[in-house]
Amino acid sequence: MKQLLQQYMSRLTSLSEAEQHAILDEILVETYSKGTVLLRQGEVPGKCYFVLKGCVRQHAVDVTGREVTSNFYTEEQAISIFNAHKPDKSSDYTLTCLENSVLVVGPLDTEREMYAKHTQLEMMTRRMIEESFGQVQEEFATFIASTPEERLKALLHQRPGLISRVPQHQLASYLGMTPESLSRIKKRIYREHAELEL
């Protein structure tokens, strides 16, 4: 699993192989069972994560008491915690493992020490976050301007495997529609696709 991180280090830094191995020896990789809650809404986060294997759902209960899914993190995605702007530093969402997952765990209290010791690691992390944030911004702008059917088509194009990995009601919440609407749209898309293949 750590080979994946080494690939990132080779691509985004000029660290020697010995330096890469020194960092990999310090990095914590943990296995979590399906259903494990990594962080609860309202708690102060103490860790950030990088998904090596599995799927983590980001969700929250809104002011009406409705549970809303805002993201799914899968392989090679960083789960960054952006809460420094909040006075109480609490999380706006809950993170739950939807599958048995293998994650790189970064304790936030030792993050600065790690970056001070390995300066290129901070640069690599920043570049990974910038890449991810740019993609999220682009997807969000497209999402807002899209119809429910266009959202599903975009998801099928960008993350085709996700639809079979997460429960339909959570996927519907993420796409901003009811499970019934999602079911109807899926049937229509698959029917159109089948007709095109004939």
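Our subject is the structure that appears above.
Only a predicted model underlies this, so the values are computations on that prediction, with no experimental measurement involved. (Residues numbered from 1 in each chain as written. Predicted model: local features only at pLDDT ≥ 70, side-chain atom pairs only at ≥ 80, totals over all residues. Heavy atoms only, no water.)

> What should I look at first to understand the sheet that holds strand β5 (residues 67–73) in this one?
Read across the sheet, 4 strands follow the order β2-β7-β4-β5 without closing on themselves; strand pairing throughout is antiparallel. Every interior strand has two partners, whereas the edge strands, β2 (37–39) and β5, have only one. Each adjacent strand pair in this sheet contributes to an overall mean axis angle of 30°, direction not counted. Bridge analysis of β2 against strand β7 (residues 94–97) gives 2 bridges, and the strand direction is antiparallel. Bridging across to β7, L39 finds its partner in L95. Against the sheet, helix α6 (residues 168–175) touches β4 (56–61) and β5, its axis set at about 95° to β5. (Pairing = 2+ DSSP bridges. Helix = DSSP H or I, 4+ residues; strand = E, 2+ residues; numbered from the N terminus. Axes fitted to C-alpha atoms, helices over the stretch in contact; angles between N-to-C directions. Contact = heavy atoms within 4.5 Å.)

> Looking at this model, I keep getting lost on the nonpolar core. Mind explaining?
Considering soluble globular proteins, one finds that nonpolar side chains tend to be buried as a cluster. Core analysis: the biggest nonpolar cluster contains 18 residues, and L5, Y8, I23, I27, F50, L52 and M124 have the highest contact counts within it. Looking at this core, the elements with two or more residues in it are α1 (2–12), α2 (17–26), β3 (47–53), β8 (101–107), α3 (111–117) and α4 (119–145). In terms of residues, this core owes the most to one element, α1, which gives 5 residues. Setting aside residues no more than four positions away along its own chain, F50 makes contact with L4, L5, Y8, E76, Q77, A78, V102, L103, V104 and M128. (Core = buried A, V, L, I, M, F, W, Y, C linked by side-chain atoms within 4.5 Å. Buried < 20%, exposed > 50% of the residue type's maximum accessible area, 1.4 Å probe, protein only.)

> Looking at this structure, how should I read the environment of K117?
Turning to its location among the elements, K117 is positioned in helix α3. Considered as a pair, K117 and I23 are 94 residues apart in the sequence and their alpha carbons are 9.4 Å apart.

> Where do I start with the sheet that holds strand β1 (residues 28–32) in this structure?
Two orientations exist for strands paired in a sheet by backbone hydrogen bonds: parallel and antiparallel. Judged by pairing direction, the sheet is antiparallel, and its 4 strands sit side by side in the order β1-β8-β3-β6 without closing on themselves. Each edge of the sheet is formed by a strand with only one pairing partner; in this case those strands are β1 and β6 (78–79). As paired strands, β3 and β8 are joined by 6 bridges and run antiparallel to one another. The partner of K47 across the bridge, within β8, is P107.

> Please explain the pattern of salt bridges as it appears in this structure.
Side chains that differ in sign of charge can pair as their charged atoms come close. With the rule as written, the count across this model stands at 6 salt bridges. For R188, the salt bridge goes to E149, with nearest N and O atoms at 2.7 Å. In this pair, R188 is assigned in helix α7 (residues 179–197) and E149 in helix α5 (residues 148–158), connecting sequence segments 39 residues apart. When its relative accessible area of 31% is taken as the criterion, R188 is described as partly exposed. Bridged by salt links that share partners, the residues E75, E99 and R165 form one connected network. (Salt bridge = Lys/Arg side-chain N within 4 Å of Asp/Glu carboxyl O.)

> Help me understand the packing of aromatic side chains in this model?
In total, this model carries 2 aromatic pairs according to the counting rule given. Centre to centre, the rings of Y32 and Y49 are 6.5 Å apart; their planes meet at 85°, and the pair counts as edge-to-face. You can see Y32 sitting in strand β1 and its partner Y49 sitting in strand β3, a full 17 residues away along the chain. The class of Y32 is buried, set by a relative accessible area of 16%. Residue classification places Y49 among the buried positions, given a relative accessible area of 7%. (Phe/Tyr/Trp six-rings, centres within 6.5 Å; stacked < 30°, edge-to-face > 60°.)

Taken by themselves, the reported measurements are silent on function.
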